[in-house]
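Structure assessment
The lines below spell out each chain.
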Amino acid sequence: MDSVDDQLVLLAGWIDEAAQAGTSFAANRSLNSRIPIAEQRGVVSEEDLEDAARKATAWAFAYHVQVMENGGKWRIQIVPYIEYPDGSSTPPRVADVPDFYVAVWSQLSEMVSSNFGKARLHHLLFERKVGNARNHATRAAQGYLDVSREWDKWLDKEEALNAALRLARAVGQKDLASRIASEMLSLADQAILDDEETSGVVLRLIGPLCGESSPPQGLGSTIDAAVRAYVSPFIRDELISFKLRRATTLEERQYLQAEHVQIWLDAAASETGLRKAGHLKKALQSALETGQSSLIDRAAAALQEIRNEDLGLISFVSSGTVSREQFQEMMAPVVDAADWRDALIQFAFAYGPAVGPIEKTREAAEEYARTSIIENMATVEIFGSDGLPRFSPKTDEEKMEMRLARQEAFVLQAMAPLLAHLLHKVAEVHGVPSEGDLSEFFSRGPLASQELASSIARCFIRFWAGDPEGATFTIAPKIETLARNLVLSLDAGVYRLQRQEKPGQYPGLGSLLSTLRERGLRVVPQMIFGSPRVWGRPLCGPPVYPVRARLCMRAMPSMA
C-alpha cells in the first residue's frame, strides 16, 4: 500500500467482508485470517503507521462485550479476551489503548458500511469517550439492533440485542430502548417455539427485560409460555424468580413462592440418589427464603424421608498394619511409667496431638488441593450418617477448612484405636485408680472444681469398665466446661442474655474456642486428662513440664 489511507480502505473492506459470514464467530474468524492473532500482542510504534492500523483493527474486534447483572442492575462492559497474572492483557484495556489506535477506530467507523463494523467501532469510541459520546452510543445501539436481524444464530441475536439495550439506556434513548426491548421479547417468543434447545437464550432475553422499569407488554405471557415449554427445574426455577420480581401483591408473591418450592419437590419425585437429595435440599432452601412455615414444613418433611441407603453412595474401606516392635515402642511411655498418675501424664503428652502437627496437616491438605483436579472443579456436599446434607463449602476459606478437617479426620481414624488401646493399657498395667484418687488428681489444676474433677474421674472409670460410648458422651460437656472456665479466668465477656425464646446462656464450645484464639491461645491439651499448660498454667492435674500442643476439637476420636 502507498499510504495509510489506502490501508484504512483495505481494512474497512475486510471488516465489511467479515460481516457477510452470518455468525459473529465466523466474522471474527474471517478477520483473524486477514490479521493473524499472533500480530495482536504488544504495541507497534506509531512510526509504522500501516502495521499500527492493522493491529488497531484486530484489537477492535478481539474484545469481548459482556452484559451482566450486578446488584440488581444490568451493566455492559468491554473486556480483553486474555488477561495475564501481571495485570497486562491482550488487547490492552480500552482506556489504555494509544490515541493513534483510537484515531484508527474513529476513521474506520465512518468508512465501514456493515452494521457489524459500525456497532463495534462506535461502541469502542463511546467507551473511550471520544467526541460526542452520546452519539457514538446511539449509533452503536442502532448497529447492534440492525445486526441482530442479520445473524443466523440465536445466541448472536440475543447478545447483540442485549448490548443495544444497555447502550440505549446508558444515554437515555428511551424510544430506541423501547424498540429494542420489543424486539427482544419477540425473539424470546420465537425461541420458545423453536425445536432447538434455546432455553439459555430465552433466559438471557427475559432477565434484562424484567429489570426494565417499563417492560414491553406481553412479558408475563412470554414467561408463562417458557415455564410450560421447559421441563428442567433449573430453568423453571429461574423463570419463577423472574415472575417474583414482577409480583406486586403479597398474595401473588406467596403463590409464586409456593410454586417455586413445588418445582423442586416435583423434580425430586422423578429422581433417585444424590439428584433427588439435591432437589429436595433446593426445595427447602427456597422455602426458608420465603419464611412461610407451611412451605418450610412441607419441604423439610420431604427431605427428612431421605435415608443414607437411598443416596447410592459407595463406601471404601482400607486398613494398615503396625509391626509388633513399633507397637511395643509406642506402648513404652505408658507401660514403663512409675504409676497410673505418671502413665496418664505420659498419655497426654508423649503422643502429641492426635491429628499431628498443624503444619503437617496444612501441608497434606494443600498437596491434596494441588493434585485433586476433579474435586476443585466439582461441588462438594457433606452428608450425615442419616443421609441428610450437612455442609457444602462456598468460599476458598471454607474449602481449605474442610480439607483440614477431612485430613484430621483421616488421621484420627488411624490414631483413635491406638489411643484407645493406650488408655486401656494404663489400667491394665497400673490398675484402675479409685474415684477418690482420680478426683484428687484432676482437681489440682485451677480450672477444675472438686465437683468437675469427680465427674471427669467417673468418665475415666466408665471407660475402663467397658463403656467407651458412655464415657465419650459424658466427658464431652466437661471439655466445654473447662474451656468456659478458661475463658472466664481471662475476664472475657461471653455470656448472652435471653433473646426471644432462647434463655440466657454461655455460647457453645466453638464460640468459646474462637474467643480463646482471639486472646492468643497457643498451647491447648489434646484431651482433658493429664496436665497440659496454657501460658504455663495447668488446666487440671499436677504441675508438669510445658509441652507444645495445639487445639484439636473438630472431631473427638472414638474410644471404642
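Please refer to the structure placed before this passage.
Residues numbered from 1 in each chain as written. Predicted model: local features only at pLDDT ≥ 70, side-chain atom pairs only at ≥ 80, totals over all residues. Heavy atoms only, no water.

**Considerations on the pattern of salt bridges**
Under the counting rule described, the total for this entry stands at 17 salt bridges. Put simply, E69 and R245 hold a salt bridge, and the shortest N to O gap is 3.4 Å. One end of the pair, E69, is in strand β1 (residues 64-70); the other, R245, is in helix α11 (residues 233-246), and 176 residues separate them in sequence. Three or more residues are tied together by salt bridges with common partners; here these are D146, R149 and E183. (Salt bridge = Lys/Arg side-chain N within 4 Å of Asp/Glu carboxyl O. Helix = DSSP H or I, 4+ residues; strand = E, 2+ residues; numbered from the N terminus.)

**A few points about the environment of P36**
The residue P36 is located in the loop between α2 (24-34) and α3 (49-60) in this model. The exposure class of P36 is partly exposed, given its relative accessible area of 36%. Here the alpha-carbon distance between P36 and A12, two residues 24 residues apart in the chain, equals 16 Å. (Buried < 20%, exposed > 50% of the residue type's maximum accessible area, 1.4 Å probe, protein only.)

**Here we look at the nonpolar core**
The biggest cluster of nonpolar side chains holds 95 residues, and the ones touching the most others in it are W105, F116, I180, I206 and L239. Among the elements that make up this core, the one with the highest residue count is helix α8 (residues 174-193) (10 residues). If sequence neighbours within four positions are ignored, I206 has contacts with A188, L219, T222, I223, L239 and F242. (Core = buried A, V, L, I, M, F, W, Y, C linked by side-chain atoms within 4.5 Å. Contact = heavy atoms within 4.5 Å.)

**Concerning helix α7 (residues 154-170)**
Over its 17 residues, α7 extends 24 Å from the first C-alpha to the last, a length consistent with the 24 Å expected when each residue adds 1.5 Å. Downstream of α7 by a residue or two, G172 has a phi angle that is positive, lying close to 70°. (Expected span 1.5 Å × (residues − 1).)

**Section: the packing of helix α9 (residues 199-210) against α11**
At a minimum axis distance of 10 Å, the contact between α9 and α11 shows a crossing angle of 15°. Classified by the angle between their axes, α9 and α11 sit roughly parallel to one another. Crossing of α9 over α11 shows left-handed handedness. Here S199, L203, I206, G207 and C210 of α9 lie close against α11, whose contacting residues are I235, E238, L239, F242, R245 and R246. In the contact of α9 with α11, the residues fall into 6 nonpolar, 2 polar and 3 charged. (Axes fitted to C-alpha atoms, helices over the stretch in contact; angles between N-to-C directions. Parallel < 35°, antiparallel > 145°, perpendicular 65-115°, else oblique. Left-handed = near helix turned anticlockwise from the far one by under 90°. Nonpolar A, V, L, I, M, F, W, Y, C, P; charged D, E, K, R; others polar.)

**A look at helix α10 (residues 219-229)**
Of the residues making up α10, those classed as buried are L219, T222, I223, A226 and V227. One side of α10 carries all its buried residues, which in axial view fall inside an arc of 140°. Opposite its buried face, α10 presents the exposed residues S221 and R228, each directed more than 90 degrees away. (Arc of directions from axis to C-beta.)

**Quick look at a nonpolar patch on the surface**
A contiguous nonpolar patch, built from L488, Y495, L497 and Y506 and spanning about 420 Å² of accessible area, is present on the exposed surface. Relative to the elements of secondary structure, L488 occurs in helix α22 (residues 468-489). Judged by its relative accessible area of 36%, L488 falls in the partly exposed class. (Patch = residues over 30% accessible without salt bridge, like charges linked within 9 Å, V, L, I, M, F, W, Y side chains within 5 Å. Areas by Shrake-Rupley, 256 points an atom, 1.4 Å probe, with all protein chains shown as cover.)

**Quick word on the packing of α8 against α9**
The relative placement of two packed helices comes down to the angle between their axes together with the axis-to-axis distance. Where α8 meets α9, the closest approach of the two axes is 9 Å, and the angle between their N-to-C directions is 145°. Crossing of α8 over α9 shows left-handed handedness. Judged by residue contacts, A181, M184, L185, L187, A188, A191 and I192 of α8 engage V202, L205, I206, P208 and L209 from α9. Residues that form the contact of α8 with α9 fall into these classes: 12 nonpolar, no polar and no charged.

**Here's the deal with the side chain of S89**
You can see S89 is positioned in strand β4 (residues 89-90). A distance of 2.8 Å separates a polar side-chain atom of S89 from the backbone oxygen of P91. Once residues within four sequence positions are removed from consideration, S89 is found in contact with P80, I82, E83 and Y84. (Polar contact = N/O pair within 3.5 Å; in protein donor to acceptor, adjacent residues only side chain to side chain.)

**Comments concerning the packing of aromatic side chains**
With the rule as written, the count across this model stands at 10 aromatic pairs. Considering the side-chain rings of F100 and Y101, the 6.3 Å spacing of their centres and the 85° angle between planes classify their relative orientation as edge-to-face. A residue is classified by how much of its surface remains accessible, and F100, at 19% relative accessible area, is buried. Overall, the relative accessible area of 0% leaves Y101 in the buried class. Where F442 meets F460, the ring centres are 5.2 Å apart and the plane angle is 40°; that geometry is what we call tilted. One end of the pair, F442, is in helix α20 (residues 435-442); the other, F460, is in helix α21 (residues 450-464), with 18 residues separating them in the sequence. Both residues of the pair, F442 and F460, belong to the buried class. (Phe/Tyr/Trp six-rings, centres within 6.5 Å; stacked < 30°, edge-to-face > 60°.)

Note that all results are geometric; they support no functional claim without further evidence.
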